[in-house]
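Chain by chain, the residues run as shown.
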Amino acid sequence: MSTHDRLLIIDFGSQVTQLIARRLRELNVYCEIHPYQNVTDAFLAEFAPKAVIFSGGPASVIDDGSPRPPESVFDLGVPILGICYGQQVMMHMLGGKVERGHGTAEFGRAYVEPKARNDDLLFGWFLDGREQVWMSHGDHVSQIAPGFEVYGTSPNAPFAITGDPARRFFAVQFHPEVHHTPNGKTLYENFVRMAGFKGDWTMGAYREEAIARIREQVGDSHVICGLSGGVDSSVTAILLHEAIGDQLTCVFVDHGLLRMNEADEVVSMFRDHYNIKLIHADESDLFLGELEGVSDPETKRKTIGRLFIDVFQKYAGQIDGAEFLAQGTLYPDVIESVSFSGGPSVTIKSHHNVGGLPEKMGLKLVEPLRELFKDEVRALGHELGLPASFIGRHPFPGPGLAIRCPGEITRDKLDILRKADAVYIDQIRKHGLYDEIWQAFVAILPVRTVGVMGDGRTYDYACALRAVTSVDGMTADYYPFTHDFLGETATRIINEVKGINRVTYDITSKPPGTIEWE
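Residues numbered from 1 in each chain as written. Predicted model: local features only at pLDDT ≥ 70, side-chain atom pairs only at ≥ 80, totals over all residues. Heavy atoms only, no water.

**Observations concerning the overall build of the chain**
Thinking step 1. Helix and strand counts for the chain stand at 15 helices and 20 strands.
Thinking step 2. Relative to the compact-globule value of 24 Å for 518 residues, the chain shows a C-alpha radius of gyration of 25 Å, a close match.
Thinking step 3. Referenced to the eigenvectors of the C-alpha coordinate spread, the extents of the chain come out at roughly 75 × 65 × 40 Å.
Thinking step 4. A buried classification covers 59% of the 518 residues belonging to the chain.
Thinking step 5. Within the chain, contacts between residues separated by at least 24 positions form 76% of all contacts whose residues are at least 6 apart in sequence.
Thinking step 6. Within the structure as shown, the chain displays about 21,600 Å² of accessible surface, and the carbon and sulfur contribution to it stands at 49%.
Thinking step 7. The averaged location of the 70 negative side-chain charges in the chain is 2 Å from the averaged location of its 49 positive side-chain charges. (Helix = DSSP H or I, 4+ residues; strand = E, 2+ residues; numbered from the N terminus. Rg over C-alpha atoms; globule rule 2.2 N^0.38 Å. Buried < 20%, exposed > 50% of the residue type's maximum accessible area, 1.4 Å probe, protein only. Contact = heavy atoms within 4.5 Å. Areas by Shrake-Rupley, 256 points an atom, 1.4 Å probe, with all protein chains shown as cover. Lys, Arg positive; Asp, Glu negative; His and termini not counted. Charge placed at Lys NZ, Arg CZ, Asp CG, Glu CD.)

**A look at unusual backbone geometry**
Thinking step 1. The amide bond that connects Lys510 to the next residue, Pro511, takes the cis arrangement and shows omega of -15°.
Thinking step 2. Tracing the sequence through the fold places Pro511 in the segment after β20 (500-505).
Thinking step 3. Cis geometry marks the peptide bond from Pro511 to Pro512; its omega dihedral reads 15°.
Thinking step 4. Structurally, Pro512 is set in the segment after β20.
Thinking step 5. Despite not being glycine, Asn275 shows a phi value in the positive range, around 55°.
Thinking step 6. By secondary structure assignment, the location of Asn275 is in the loop between α8 (262-273) and β14 (278-282).

**With respect to the pairing of strand β3 (residues 51-54)**
Thinking step 1. Taking every second residue as pointing to the same face, both faces of β3 are buried, with Ala51 and Ile53 on one and Val52 and Phe54 on the other.
Thinking step 2. Where strand β1 (residues 6-11) and β3 come together, four bridges link them in parallel fashion. Bridging from a neighbouring strand, Leu8 pairs with Val52 of β3.
Thinking step 3. Sheet topology places β3 next to strand β4 (residues 80-83); three bridges connect them, and they run parallel. Each residue of the ladder has a partner; that of Phe54, found in β4, is Gly82. (Pairing = 2+ DSSP bridges.)

**Topic: the packing of aromatic side chains**
Thinking step 1. Applying the stated rule across the entire model yields 18 aromatic pairs.
Thinking step 2. Ring geometry for Tyr478 against Tyr505: centres 6.4 Å apart, planes inclined by 80°, an arrangement best described as edge-to-face. One end of the pair, Tyr478, is in strand β19 (residues 477-478); the other, Tyr505, is in strand β20, with 27 residues separating them in the sequence.
Thinking step 3. Relative accessible area serves as the criterion here: at 33%, Tyr478 is assigned to the partly exposed category.
Thinking step 4. Clustering of aromatic rings is evident, with ring pairs tying together Phe12, Tyr36, Phe54, Phe74, Tyr85 and Phe169. (Phe/Tyr/Trp six-rings, centres within 6.5 Å; stacked < 30°, edge-to-face > 60°.)

**With respect to the side chain of Glu518**
Thinking step 1. Here Glu518 lies in the segment after β20.
Thinking step 2. Side chain to side chain, Glu518 and Lys300 meet in a polar contact 2.9 Å long.
Thinking step 3. Once residues within four sequence positions are removed from consideration, Glu518 is found in contact with Ser295, Pro297, Lys300, Arg301, Ala402, Ile403, Cys405, Pro406 and Gly407. (Polar contact = N/O pair within 3.5 Å; in protein donor to acceptor, adjacent residues only side chain to side chain.)

**Observations regarding the packing of helix α6 (residues 203-218) against helix α12 (residues 374-384)**
Thinking step 1. At a minimum axis distance of 9 Å, the contact between α6 and α12 shows a crossing angle of 75°. The orientation of α6 relative to α12 falls into the category roughly perpendicular. Contacts from Met203, Gly204, Tyr206 and Arg207 in α6 reach Glu376, Ala379, Leu380, Glu383 and Leu384 in α12.
Thinking step 2. Among the residues forming the contact of α6 with α12, the class breakdown is five nonpolar, one polar and three charged. (Axes fitted to C-alpha atoms, helices over the stretch in contact; angles between N-to-C directions. Parallel < 35°, antiparallel > 145°, perpendicular 65-115°, else oblique. Nonpolar A, V, L, I, M, F, W, Y, C, P; charged D, E, K, R; others polar.)

**Regarding the environment of Glu367**
Thinking step 1. Relative to the elements of secondary structure, Glu367 occurs in the loop between β16 (364-366) and α12.
Thinking step 2. In this structure the C-alpha to C-alpha distance between Glu367 and Ala326, which are 41 residues apart in sequence, comes to 5.7 Å.

**Things to note about the confidence of the model for the chain**
Thinking step 1. On average, residues of the chain carry a pLDDT of 88, and 92% of them reach 70 or more.
Thinking step 2. Of all helices and strands in the chain, the one with the weakest mean pLDDT is helix α11 (residues 331-336) (72), whereas β3 scores best (98).
Thinking step 3. Scored below 50 in pLDDT, residues 339-360 shows 50 contacts in the model against residues more than four places distant or in partner chains. (pLDDT = per-residue confidence, 0-100.)

**Some points on helix α3 (residues 85-93)**
Thinking step 1. In terms of burial, α3 is a largely internal element, eight of the nine residues being buried.
Thinking step 2. The complete set of buried residues in α3 reads Tyr85, Gly86, Gln87, Gln88, Val89, Met90, Met91 and Met93.

**Considering the packing of helix α7 (residues 231-244) against α12**
Two packed helices can be described by the angle between their axes and the distance between those axes.
Thinking step 1. The geometry of α7 relative to α12 is characterised by a closest axis approach of 10 Å and an angle of 40° between their N-to-C directions. Classified by the interaxial angle, the pair formed by α7 and α12 is oblique. Considering only the axes of α7 and α12, their crossing is left-handed. Where α7 abuts α12, its residues Val231, Asp232, Val235, Ile238, Leu239 and Glu242 lie against Lys374, Val377, Arg378, Leu380, Gly381 and Leu384.
Thinking step 2. The residue makeup of the contact of α7 with α12, split by class, is seven nonpolar, one polar and four charged. (Left-handed = near helix turned anticlockwise from the far one by under 90°.)

**Comments concerning the pattern of salt bridges**
Thinking step 1. All chains considered together, the criterion is met by 28 salt bridges.
Thinking step 2. Measuring nitrogen to oxygen at the nearest pair gives 3.0 Å for the salt bridge that ties Asp5 to Lys198. With Asp5 in the segment before β1 and Lys198 in the loop between α5 (184-195) and α6, this residue pair connects regions lying 193 residues apart in the sequence.
Thinking step 3. Look at Asp5 and you get partly exposed, because its relative accessible area is 22%.
Thinking step 4. For Arg23, the salt bridge identified is with Glu26, shortest N-O distance 3.0 Å. Residue Arg23 and its partner Glu26 are located together in helix α1 (residues 17-26), separated by three residues, close to a single helical turn.
Thinking step 5. Taken together, the salt bridges that share partners define one network made up of Arg22, Arg23, Glu26 and Asp375. (Salt bridge = Lys/Arg side-chain N within 4 Å of Asp/Glu carboxyl O.)

**Structural notes on the sheet that holds strand β15 (residues 322-326)**
In a beta sheet, neighbouring strands pair by backbone hydrogen bonds and run either parallel or antiparallel.
Thinking step 1. Ordered in space as β14-β13-β12-β15-β16, the five strands form an open sheet in which the pairing is parallel. Whereas interior strands pair on both sides, the edge strands pair on one side only; in this sheet they are β14 and β16. When strand polarity is set aside, the average angle formed by the axes of neighbouring strands in this sheet is 30°.
Thinking step 2. Bridge count between strand β12 (residues 222-227) and strand β13 (residues 248-254): five bridges; the pairing is parallel. The residue bridging Gly226 from the neighbouring strand is Val251, located in β13.
Thinking step 3. Set on the sheet, helix α10 (residues 297-316) makes contact with β12, β13, β14 and β15; between it and β13 the angle comes to about 135°.

Quick look at the structure:
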């Protein structure tokens, strides 16, 4: 657990809880998200938060069995901020009243007007008379709890901003963490300043702490690092090498699902530039053989996750003292793979670093990045001296091209996909757009379409181009290419890649879609 002052986010199931953490990390405040069911009296005593935030959520506090934090959270003597459902549960538990909608629901953009002044939470707010916010609530607070005052109202939320300054309890009906509340960051800045956070969560500090934790955990044992060549696993490998030197051996698994020339580039960089012990495990026949005939995306992911561990165990047996497996698991991987309720839930997709692990893998895990978001990993990479060109590479998923090939995977389809993807990325670089885009790739679709090339009829695959902008991968929007760019790119792919005769562009945001196709 971090030695920094900690802020606890109690998650009640909001789709944007992760954005609360991102806003706080941007302020150099260390925070953790924990499902409400896991937050017990004992947990609070051990975690010892310097402040607490209640997230939003889809439930109604009026319903029996609706989510609650423990009563003891209000006795910690620390500032608490309730957001949306978090406001309602705070009012409900402290003696206020919450009612069903009855025409007072608000979804989307709204404007909050000042009612009274409070510089602890609202310094820098209402400078222009009102603030734009983002609402998403059906129920509403109809009576505030004793000791609370009203600081802001909206047309359908008479208690849009409330607070009990004596206890430093505050609550808002809107979501200050989302982009559509433009001044939301200021509200969080005020809250953490009021709580006394020093803002000492930096990548320089994290680097030193992570190295110390790795050394303490590993001791004299040997570590195998699963190296994919992506930013996450590469930063993991460099951090481990700095911590334990020759006790590290990287295993680069060529599963036959990599992009064009990627294996050669990864092996060259780590062997030649960093002088890290590296095993190049060409296991493409194993992976593609196991995936033959498999079309279900979850089965693909879990199969690949299982085979990764099998391969690591295979090579671990050849290394004396190998007791640990290192992975580049990130915080979003952990969050998306765990239900907010702490129990069974519908999972959007499993991550091969988390959901695909067998219960008994024979190696203990080292995951030095599991507290970090993607942009924090890039910052850590800069701290470790990785080249900027490498750190800025677009994310590449652990399951590789398997999840960019919906339906059954074949070697022929993978070859077509590699060539199309190479043309697409080349186009993006030639037009100077690479650094403006979070992630770009081609997906080959499980359909063939009729086309005409020359005087002949073709019956080849269709592909979809995908390019998104994002900050942390939790939400994303499509990149607005010009029609000229799309037309030029489509022409190149069709002319240069045998097997594709139709090109489409995916303009779906996340949510409702995911960035990857599977």
